[in-house]
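# Structure at a glance
One letter stands for each residue in the lines below.
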Amino acid sequence: MKTVYLSGKVTGLPLEEVAAKFNHAENLYTSLGYKVCNPFKSIQEAGYQDWPYDAIMKVCIVMLMGCDAIVFLL
């Protein structure tokens, strides 16, 4: 099973809007048979949301390295 990484703007947007966008994409790609890496959800669940931006991006890059493709969300 291929793994897709969800990538999209988070900074400066309302968290509810971002969560809805990422969750919708996760549901869509899961229904298409992909394993989905949702970094927004992972960061929130791990409690990293208050970390500095560069530290969060380092975590995201590590997650990305384990994926087969990137889906860019608009």
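Residues numbered from 1 in each chain as written. Predicted model: local features only at pLDDT ≥ 70, side-chain atom pairs only at ≥ 80, totals over all residues. Heavy atoms only, no water.

## Here we look at helix α1 (residues 15-31)
Across its 17 residues, α1 extends 24 Å between first and last C-alpha, which sits within 8% of the 24 Å expected from 1.5 Å per residue. Those residues of α1 hidden inside the fold are in contact with β1 (3-7), β2 (35-37) and α2 (39-46). Following α1 by one or two positions, G33 has its phi on the positive side, about 100 degrees. (Helix = DSSP H or I, 4+ residues; strand = E, 2+ residues; numbered from the N terminus. Expected span 1.5 Å × (residues − 1). Contact = heavy atoms within 4.5 Å.)

## Describing the packing of aromatic side chains
Applying the stated criterion across every chain yields a total of three aromatic pairs. Each ring, one from F22 and one from F40, has its centre 5.8 Å from the other, and the planes form 35 degrees; the classification is tilted. On the criterion of sequence distance, the pair formed by F22 in helix α1 and F40 in helix α2 is long-range, its members being 18 residues apart. The same class applies to F22 and to F40, which are both buried. (Phe/Tyr/Trp six-rings, centres within 6.5 Å; stacked < 30°, edge-to-face > 60°. Buried < 20%, exposed > 50% of the residue type's maximum accessible area, 1.4 Å probe, protein only.)

## Notes on α2
Every α-helix carries 3.6 residues per turn, so stepping three or four residues along brings you back to the same face. Among all positions in α2, only P39, F40 and I43 are buried. Down the axis of α2, the buried side of the element spans an arc of 105 degrees, and every buried residue falls inside it. In the core, the buried residues of α2 are packed alongside β1, α1, β2 and α3 (53-65). In this structure N38 caps α2, since a side-chain oxygen of it lies 3.2 Å from the backbone nitrogen of F40. (Arc of directions from axis to C-beta. Polar contact = N/O pair within 3.5 Å; in protein donor to acceptor, adjacent residues only side chain to side chain.)

## Description of the sheet that holds β2
With respect to topology, three strands assemble into an open sheet ordered β2-β1-β3, the strand pairing being parallel. The open sheet has two edge strands with one neighbour each: β2 and β3 (69-72). Averaged over neighbouring strand pairs, the angle between their axes works out to 35 degrees when direction is ignored. Pairing geometry for β1 and β3, over four bridges, is parallel. What sits directly across from Y5, in β3, is I70. Across the sheet, α1 is in contact with β1, β2 and β3; its angle to β1 comes to roughly 160 degrees. (Pairing = 2+ DSSP bridges. Axes fitted to C-alpha atoms, helices over the stretch in contact; angles between N-to-C directions.)

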